[in-house]
Amino acid sequence: MSRIVLDTNSLIQSIPPRSIYHAIWQSFFDGTNTLCVSTDILAEYEEILQRLTDIDTAQMVIELIVNNPHTLMLSPYYKFNLITADPDDNKFVDCAIVASAKYIVTEDHHYDVLKGCLFPKVDVVDLDTFLYEVQHLSRYSTDSPSSLLNEPAVAYGQE
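Read on for a plain summary of the structure. (Residues numbered from 1 in each chain as written. Predicted model: local features only at pLDDT ≥ 70, side-chain atom pairs only at ≥ 80, totals over all residues. Heavy atoms only, no water.)

## Section: the overall build of the protein
From N to C terminus, the protein includes 6 helices and 5 strands. Traced from its N-terminal end to its C-terminal end, the protein shows the element sequence β-α-α-β-α-α-β-α-β-β-α. Expressed as a percentage of its 159 residues, the buried residues of the protein come to 43%. Counting contacts in the protein only where the partners sit at least 6 residues apart, residues at least 24 apart contribute 63% of the total. As displayed, the protein offers around 9400 Å² of accessible surface, 53% of which is attributable to carbon and sulfur atoms. (Helix = DSSP H or I, 4+ residues; strand = E, 2+ residues; numbered from the N terminus. Buried < 20%, exposed > 50% of the residue type's maximum accessible area, 1.4 Å probe, protein only. Contact = heavy atoms within 4.5 Å. Areas by Shrake-Rupley, 256 points an atom, 1.4 Å probe, with all protein chains shown as cover.)

Structural data, given as structure tokens:
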């Protein structure tokens, strides 16, 4: 199970069941990954979700995240301020550092500055790269339901 921080845009794209990225959202509920959040991140999620949907939907999503056993709630006390182009993105970086997260998943190029930062090391991947990893993990995980594979079961030795 990997610790992951999703920026808001990545979260928004992964929630809809028809989204090609929905497997990412599901990975936080089936235990494949742990979603790492802070109160600042949750506040931004809720604000943007309310703007795009409505208050009830936004609150439902936040409740799902908060009550999920595969969510890690963190309180970053130190502000690294590694992203100067959009300082609001630093809440995700600080959370990732405190969580020792494997990745921040984002499509935002403001995070590119982290590639040159040796300490603290924060790896950033885009949605497509992370989706590939989620699909690869669920394919080879014994804990994932076979219905996620969309492939017929093959007996050992009959491959």
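Having seen the structure, we can now continue with the description.
## Quick look at the packing of helix 3 (residues 39-52) against helix 5 (residues 90-99)
Between helix 3 and helix 5, the least distance of the axes is 9 Å, while the angle of their chain directions is 140°. Judged on the interaxial angle alone, helix 5 and helix 3 are oblique. As helix 3 packs across helix 5, the resulting crossing turns out to be left-handed. Across the interface between the two elements, D40, I41, E44 and Y45 from helix 3 touch K91, F92 and C95 from helix 5. Grouping the amino acids of the contact of helix 3 with helix 5 by side-chain chemistry returns 4 nonpolar, no polar and 3 charged. (Axes fitted to C-alpha atoms, helices over the stretch in contact; angles between N-to-C directions. Parallel < 35°, antiparallel > 145°, perpendicular 65-115°, else oblique. Left-handed = near helix turned anticlockwise from the far one by under 90°. Nonpolar A, V, L, I, M, F, W, Y, C, P; charged D, E, K, R; others polar.)

## Here's the deal with the sheet that holds strand 3 (residues 71-73)
Pairing in this open sheet of 5 strands is parallel, and the strands run 3-2-1-4-5 from one edge to the other. Unpaired on one side and paired on the other, strand 3 and strand 5 (124-125) mark the two borders of the sheet. Taken together, the 2 bridges between strand 4 (residues 103-105) and strand 5 define a ladder with parallel strand orientation. Pairing of I104 across the sheet is with V124, part of strand 5. The sheet strands contacting helix 3 are strand 1 (2-6), strand 2 (33-37) and strand 3, and the helix crosses strand 2 at an angle near 90°. With respect to the sheet, helix 5 is in contact with strand 1, strand 2 and strand 4, its orientation differing from that of strand 1 by roughly 170°. (Pairing = 2+ DSSP bridges.)

## Describing the packing of aromatic side chains
Inspection of the entire model under this criterion finds 3 aromatic pairs. Between Y103 and F130, the aromatic rings sit 6.1 Å apart at their centres with planes inclined by 80°, giving edge-to-face as the arrangement. Here the residue Y103 occupies a position in strand 4, and F130 occupies one in helix 6 (residues 127-140), the gap between them amounting to 27 residues. Just as Y103 is buried, F130 falls in that class too. (Phe/Tyr/Trp six-rings, centres within 6.5 Å; stacked < 30°, edge-to-face > 60°.)

## Regarding the pairing of strand 1
Regular strands place side chains that alternate from one sheet face to the opposite one. Taken across its 5 residues, strand 1 has 4 buried, putting it largely inside the fold. For strand 1 and strand 2, the ladder comprises 3 bridges, and the chain directions are parallel. Residue pairing in the sheet places R3 in a bridge with T34 of strand 2.

## Side note on the nonpolar core
Counting residues in hydrophobic clusters, the biggest one holds 40 residues, and the most contacted among them are V5, I24, Y45 and I65. Breaking this core down by element, the ones donating at least two residues are strand 1, helix 2 (22-27), strand 2, helix 3, helix 4 (55-67), helix 5, strand 4 and helix 6. Per element, the largest residue contribution to this core is 6 residues, and it comes from helix 5. Residues within four places of I65 in sequence aside, it is in contact with L11, W25, L35, V37, L42, Y45 and T71. (Core = buried A, V, L, I, M, F, W, Y, C linked by side-chain atoms within 4.5 Å.)

## What to know about the pattern of salt bridges
Throughout the structure, instances matching the rule amount to 6 salt bridges. When the shortest N-O distance is used, the salt bridge between R51 and E47 registers 2.9 Å. You can see R51 and its partner E47 sitting in helix 3, 4 residues apart, about one turn around the helix. E47 gets classed as partly exposed once you look at its relative accessible area, which sits at 45%. D123 is paired through a salt bridge with K121; the nearest N and O atoms lie 3.8 Å apart. By relative accessible area, D123 is classed as partly exposed at 36%. Using a relative accessible area of 48% as the deciding quantity, one classes K121 as partly exposed. (Salt bridge = Lys/Arg side-chain N within 4 Å of Asp/Glu carboxyl O.)

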